[in-house]
Amino acid sequence: EAMIDAGKVLPKFLKRLAAEPDVAMVPLMIDSSHFEVIEKGLKVLQGKSIVNSISLKDGEEAFKQATRIKELGAMPVIMAFDEEGQADDFKRKTEICQRAYNILTKDLEFPPENIIFDPVVLTIGTGIEEHNNYAADFIGSIRWIRQNLPHAKVNAGVSNVSFAFRGNNYLREVINSVFLHHCEKAGLNMAIIHPGKIIPYNQIPAELLTAVEDLVLNNRQDATD
């Protein structure tokens, strides 16, 4: 990746995709750590695309990139980061999302229906007590955003939640599936997932389902065990 001139390659790649009818008919998400690359990509895209992502990590001035994203007809994913770092609990997630929403809708006159929040999925089951409520806090933040920030959408990078169990693929799939189920119930609009590795909630064995729900919802202190 570091050997590629992304500013040249990305627009060329997107133009090729635009010639494929089955691909061109769905929204695309542009992802780059360099905003000038994102701009070049958006300029050659048709329809409404998604930008992943912007945040308050570098302060409110840098956050004005949202205005340029709006001019180019796209929707930004807003990560729950600010100058102090990523949001790790319910209070921080909701505070950062509220602050970002106010800046976008009031200061930058950004359409609220074009805002996608990502309150940051963090890993549970690490053996560190402070991490036990990460999934429950994320689920709670979805519900809060949908109730308190009108028209805004919520996205989740689902598989991050089970990263502590890497190597045990089946268990990870079950944890991801249970977590996604509860996120959907809370009002999640979209998710980054591998659809083929999501197990229908009602097909998970009852004993395993209880154990995983205890972990995801932090129902008991020994849930990781």
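Note that this is a predicted model, so its numbers are computed, not measured.

Student: I would appreciate a short explanation of the packing of helix H1 (residues 6-18) against helix H3 (residues 35-43) in the present structure.
Tutor: Two measures define how a pair of helices packs: the angle their axes make with one another and the distance between the axes. Where H1 contacts H3, the two axes come as close as 9 Å, and the packing angle between them is 25°. As the angle between them shows, H1 and H3 are arranged roughly parallel. For H1 against H3, the interelement crossing comes out right-handed. Note on element contacts: H3 touches H1 through Val37, Lys40 and Gly41, opposite Ala6, Gly7, Leu10, Pro11 and Leu14. Grouping the constituent residues of the contact of H1 with H3 by class yields five nonpolar, two polar and one charged.

Student: I keep staring at the sheet that holds strand E1 (residues 29-31) and nothing clicks. Help me out?
Tutor: Hydrogen bonding along the main chain pairs the strands of a sheet, whether they run parallel or antiparallel. Read across the sheet, six strands follow the order E1-E2-E3-E6-E7-E8 without closing on themselves; strand pairing throughout is parallel. Among the strands making up the open sheet, the edge pair consists of E1 and strand E8 (190-192). Between one strand axis and the next, the sheet turns through 30° on average, direction left out of account. Of the pairings in the sheet, the one linking E1 to strand E2 (residues 50-54) comprises three bridges and is parallel in character. Bridge assignment links Ile30 to a residue of E2, and that residue is Val51.

Student: Could you clarify how one ought to interpret the packing of aromatic side chains in this entry?
Tutor: Each aromatic ring pair is specified by the distance between its two centres and by the angle formed by the two planes. Following the criterion strictly, the structure yields one aromatic pair and no others. Between Phe138 and Phe179, the ring centres sit 5.7 Å apart and the planes meet at 50°, which makes this aromatic pair tilted. Here Phe179 lies in helix H7 (residues 169-186) and Phe138 lies in helix H6 (residues 134-148), a separation of 41 residues in the sequence. Of the residues examined, Phe138 reaches a relative accessible area of 1% and is grouped as buried. The class for Phe179 is buried, based on a relative accessible area of 0%.

Student: Even after reading the chapter, I still don't get the side chain of Ser32, so can you show me in this structure?
Tutor: Inspection of the secondary structure assignment puts Ser32 in the loop between E1 and H3. Judged by relative accessible area, which is 18%, Ser32 ranks as buried. Polar contacts involving the side chain of Ser32 include one to the main-chain amide nitrogen of His34, which spans 3.1 Å. With sequence-adjacent residues up to four places away left out, Ser32 is seen in contact with Val37, Ile38 and Asn52.

The rules behind the values
Residue numbering note: each chain is counted from 1, following its sequence as written. In keeping with the predicted nature of the model, local features appear solely for residues at pLDDT of at least 70, side-chain atom pairs appear and are counted solely at 80 or more, and the whole-chain, interface and lining totals rest on all residues. To get the side-chain values, all heavy atoms of the structure are used, and hydrogens and water are removed first. Between N-to-C directions, angles cover 0 to 180 degrees, with each direction set by a line fitted to C-alpha atoms, over the stretch in contact for helices. Put simply, DSSP H or I for four residues or longer makes a helix, DSSP E for two residues or longer makes a strand, and each gets a number counted from the N terminus. Here the angle decides the label: under 35 degrees means roughly parallel, over 145 means roughly antiparallel, 65 to 115 means roughly perpendicular, and every other value means oblique. Helix crossings fall into two classes, left-handed where the near helix is turned counterclockwise from the far one by less than a right angle and right-handed where it is turned clockwise. What makes two residues a contact is simply this: any of their non-hydrogen atoms within 4.5 Å. Ten residues, namely Ala, Val, Leu, Ile, Met, Phe, Trp, Tyr, Cys and Pro, are considered nonpolar, four, namely Asp, Glu, Lys and Arg, are considered charged, and the remaining ones, Gly among them, are considered polar. Between any two strands, pairing holds if DSSP finds at least two bridges. Stacked, tilted and edge-to-face are the three classes applied to pairs of Phe, Tyr and Trp rings, where Trp contributes its six-membered ring and a pair requires centres within 6.5 Å; stacked means planes under 30 degrees apart, edge-to-face means over 60, and tilted covers the rest. Relative accessibility thresholds used throughout: buried, under 20% of the residue-type maximum; exposed, over 50%; partly exposed, between the two (1.4 Å probe, protein chains only). Whenever two N or O atoms come within 3.5 Å, that pair is a polar contact, provided that in protein one can donate a hydrogen and the other can accept it, and provided that, for residues adjacent in sequence, both atoms are side-chain atoms.

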